[in-house]
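One letter stands for each residue in the lines below.
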Amino acid sequence: MNAHNDDNNARFSNVHRGGIDPAAQTCRDWEDLIVLAAANDELDAAELARLNSHLAGCANCTAALARENNLLRMLAEHAAEPSGALLASCRASLEDALDREEEHGWISRMFGPILPANWLAPRPAWSAAVLLAAGFAVGILAPRAVVQIAARHGYAGRVAGVAATPSPAAPSTANAETAGNDSSASDTAFESSNSAKAPAFSPGPLDLHYADVAGINVSPSGGGSAPPEVVLHFNAQQPSTVRGTVNDDDVKSVLLDVIRHSNRLDPDICMNALDVLHSCNNDPEVRAALCRVVREDANPNVRLKALQALDGSDPEDIVRNTLVDALAGDQNSDVRIQAVDELRDWAASGQVGPDKRMLSVLRSRVQSDPDDYVRAQSAATIREIAAKQ
Amino acid sequence: MTVAVQGDASRAAAAQAAEEQALVRKAQAGDRAAFDDLVRRYDREVLRLASRLVQRPEDARDIYQEGFLRAYRNLHRFRFECSFYTWLYRIVTNTALDHLRRRTSRPEDQPPAPREEDGGKDFFDKQADAGAGANPEKALLGQEIGQQIEQAMKTLSPRERMVFEMKHYHGMRLRAIGDMLGTSEETAKNSLFRATRKLRAHLSGIR
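Residues numbered from 1 in each chain as written. Chains lettered and ligands numbered in written order. Predicted model: local features only at pLDDT ≥ 70, side-chain atom pairs only at ≥ 80, totals over all residues. Heavy atoms only, no water.

Undergrad: How would you explain a nonpolar patch on the surface if you had to name every residue and give the values?
TA: Together, F136, I140 and L141 of chain A make up a nonpolar patch on the protein surface, roughly 260 Å² of accessible area in all. What makes L141 of chain A partly exposed here is its relative accessible area of 38%. (Patch = residues over 30% accessible without salt bridge, like charges linked within 9 Å, V, L, I, M, F, W, Y side chains within 5 Å. Areas by Shrake-Rupley, 256 points an atom, 1.4 Å probe, with all protein chains shown as cover. Salt bridge = Lys/Arg side-chain N within 4 Å of Asp/Glu carboxyl O. Buried < 20%, exposed > 50% of the residue type's maximum accessible area, 1.4 Å probe, protein only.)

Undergrad: An account of the pattern of salt bridges is requested, with residue identities and associated values reported.
TA: For the structure on display, the rule yields 39 salt bridges over all chains. Among the ionic pairs, R320 of chain A bridges to D355 of chain A, the shortest N-O distance being 3.8 Å. Placement of the pair is R320 of chain A in helix α13 (residues 317-329) and D355 of chain A in the loop between α14 (333-348) and α15 (356-368), with a sequence separation of 35 residues. Judged by its relative accessible area of 15%, R320 of chain A is buried. Judged by relative accessible area, which is 27%, D355 of chain A ranks as partly exposed. In this structure, R41 of chain B and E19 of chain B form a salt bridge, with 3.0 Å as the shortest nitrogen-oxygen distance. On the criterion of sequence distance, the pair formed by R41 of chain B in helix α2 (residues 32-53) and E19 of chain B in helix α1 (residues 2-28) is long-range, its members being 22 residues apart. Using a relative accessible area of 44% as the deciding quantity, one classes E19 of chain B as partly exposed. Beyond isolated ion pairs, a larger network of salt bridges with shared partners links E31, D32 and E68 of chain A together with R197 and R200 of chain B. (Helix = DSSP H or I, 4+ residues; strand = E, 2+ residues; numbered from the N terminus.)

Undergrad: Account for the packing of aromatic side chains, with residues named and values stated.
TA: All names here are of chain B. Under the counting rule described, the total for this entry stands at nine aromatic pairs over all chains. Plain terms: the ring middles of F78 and W87 are 5.1 Å apart, the flat faces sit at 45° to each other, and that makes the pair tilted. Comparing F78 with W87, the two get one shared label, buried. Judged by centre distance (5.7 Å) and plane angle (35°), the ring pair of F84 and W87 falls under tilted. Note that F84 and W87 are positioned in helix α4 (residues 84-105) at a spacing of three residues, about one turn of the helix. Feature note: the residues Y42, F78, F80, F84, Y85, W87 and Y89 constitute an aromatic cluster, connected by ring pairs. Seen from the ring of F80, R25 lies directly overhead, with NZ or CZ sitting 4.1 Å from the centre. (Phe/Tyr/Trp six-rings, centres within 6.5 Å; stacked < 30°, edge-to-face > 60°. Lys NZ or Arg CZ within 6 Å of the ring centre and 35° of its normal.)

Undergrad: Requested: an account of unusual backbone geometry, with residues and values cited.
TA: Phi at F80 of chain B takes a positive value of approximately 60°, unusual for a residue other than glycine. Along the chain, the position of F80 of chain B falls in the loop between α3 (57-73) and α4.

Undergrad: Could you give an account of the nonpolar core, naming the residues involved and the relevant values?
TA: Formed by 78 residues in total, the largest nonpolar core has its most connected members in L75 of chain A together with Y64, F84 and F164 of chain B. Looking at this core, the element that brings in the most residues is α2 of chain B, giving ten residues. What F164 of chain B contacts, discounting residues up to four positions off in sequence, is L72 and L75 of chain A together with M153, Y169, L192, A195, T196 and L199 of chain B. Membership of the second largest hydrophobic core comes to 53 residues, among which are V213, V293, A306 and M358 of chain A. (Core = buried A, V, L, I, M, F, W, Y, C linked by side-chain atoms within 4.5 Å. Contact = heavy atoms within 4.5 Å.)

Undergrad: Explain the interface of chain A and chain B to me, and be specific about the residues and the numbers.
TA: Across the boundary between the two partners, chain A contributes 42 residues, which contact 48 residues of chain B. Of the roughly 4000 Å² buried between chain A and chain B, counting both surfaces, carbon and sulfur atoms make up 58%. Counting the contacts that link chain A with chain B gives twelve salt bridges. A salt bridge links E81 of chain A to R48 of chain B; the nearest nitrogen and oxygen atoms lie 2.9 Å apart. Taken together, chain A and chain B are joined by 13 residue pairs in polar contact (both at pLDDT 80 or more). For the side of chain A that touches chain B, the secondary-structure elements that each account for two or more residues are α1 (2-16), α2 (31-38), α4 (59-77) and α5 (84-111) of chain A. Residues belonging to the side of chain A that touches chain B are distributed by class as follows: 18 nonpolar, eight polar and 16 charged. (Buried area = accessible area lost by both parts, 1.4 Å probe. Polar contact = N/O pair within 3.5 Å; in protein donor to acceptor, adjacent residues only side chain to side chain. Nonpolar A, V, L, I, M, F, W, Y, C, P; charged D, E, K, R; others polar.)

Undergrad: Which residues make up the environment of R90 of chain B, and what values do they have?
TA: Residues and elements named next belong to chain B. Mapped onto the fold, R90 is located in helix α4. We classify R90 as partly exposed; its relative accessible area is 25%. Residues R90 and D179 lie 89 residues apart in sequence; the distance between their C-alpha atoms is 8.3 Å. Among all residues touching R90, those that are not within four sequence positions of it are C82, D179 and M180.

Undergrad: So what about the pairing of strand β4 (residues 229-234) of chain A? Which residues, and what values?
TA: All names here are of chain A. As judged from the six bridges shared by strand β3 (residues 213-219) and β4, these two strands associate in the antiparallel manner. Within β4, the position partnered with V213 by the bridge is F234. Examined bridge by bridge, β4 and strand β5 (residues 240-245) share six bridges and lie antiparallel to one another. Counterpart to H233 in the pairing with β5 is T241. (Pairing = 2+ DSSP bridges.)

Undergrad: Can you explain the environment of R357 of chain A? Please cite residues and give values.
TA: Residues and elements named next belong to chain A. Structurally, the position occupied by R357 is in helix α15. Look past the residues within four positions of R357 in its chain and what remains in contact with it is V324, D325 and A328. A polar side-chain atom of R357 sits 2.7 Å from a polar atom in the side chain of D325.

Read these as geometric descriptors, not functional statements.
Rendered as structure tokens:
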């Protein structure tokens, strides 16, 4: 079909330009010129003269031109004109549409030049830059702003029992006095390094988000069984710290938040938090959080640290099951070693009975664990349990 | 005498063009009445083109409305580099082409095909009869011929149909049609040839 068309086009071009000797042309060569002759005003004087000269001697082409004219006349006669009703209906619809457009359009006309869509559309590079800036603002700045705003609002209702301490970067006499006077009232203190007059507040899980914890410093306690002092450093537009012990609800809450999101945070921060939480591993909330880290954290060092934080806790089912699961399934031999060590300690002190699943796992480890120490300790744990029975 | 008539005609055309330019400028400045005036000048032609391109009046109305709305929204971009008529027709033909292409790609939207009940009569016999008078039988015959023409028209591609309509029903030059469709005169010419061949084949076949 295309070849046929190309052939026709070539013929037409030649006839149209007079490139073929008229004597050598067939009627088919004149076909397209006849179409143009029937369509008014498409042939110039020379083409028309050449066609007329051919038509004078060619009955076929004369008949073809007559058929062409008949066809067009017939098409014209049967061409339906749109009715007046349709035109009226179209006009009415257009009026309505233009009215709506006008109502909507004045906003575009007034603000069109400053609407981002209008000036960004033809500038892809600007669009990309604006998108990046918007992403940065939403992803980085907005959460910080929210934390700050929440912190300011939190201050109003929860100052009681919290002492403000002077910032080392911007010491304030007033705040220093306040800190000096109130430091005995509470172990927890909030410090703002940029604003000496910044009010103290009691941080809570809503105020201090885990994602903003930049570091945890632990200072040994003065002695006895007192827990160590913890300093939590927060990243914000206004860097701040929280000081206290793990016995303070706010500090504990932040530390728990940190280990609950251990997979997303710096492992060092998580391990520091786990270290601090070791001292309160009999707190059910802390215990559950530690067990979750043992089961779910991707970092074996963090899992090991969580197991160590569970060391010395009461032999609750949740902990025993966590240890057994770690021994049965953890790919890291250090984690399995820590788990079997703790189980053996419990067995030696008679804190665990002949739990079927635990015994099954221990036997399985004796037979197949790739680590010699785990195999030996598993066998020893079984013996301890048997001896206690 | 002829020269004088031609001079009058060209002066009238120039005055009309100047008046239209003034209307367009007013419309560009937000004068809705001026735009309405422009619509009234050309909307019959626009609707006629739309009605011949699509069978259903609702589709013609869609093309009419969408075409003028696009013109309204883009009026500020009109730079007087061609006549307003050419610019408007360019918008309307593009709108109509979009519509035809959509309908080609979504055949489920097509109206039911008319029944083919030609009875084996010669096409041009029917055509001759149809024009004979207001006889109901002949009117029915004319209706059938109209349906056959519509069927033949459907065999054309959107562009071929557009070129054929603009050439034979709107009397436009092929160069202007090519310009309006954003293509060359040669391409428009080839579309016209293909359209004519197809129509001839379909309508001659029932003779």
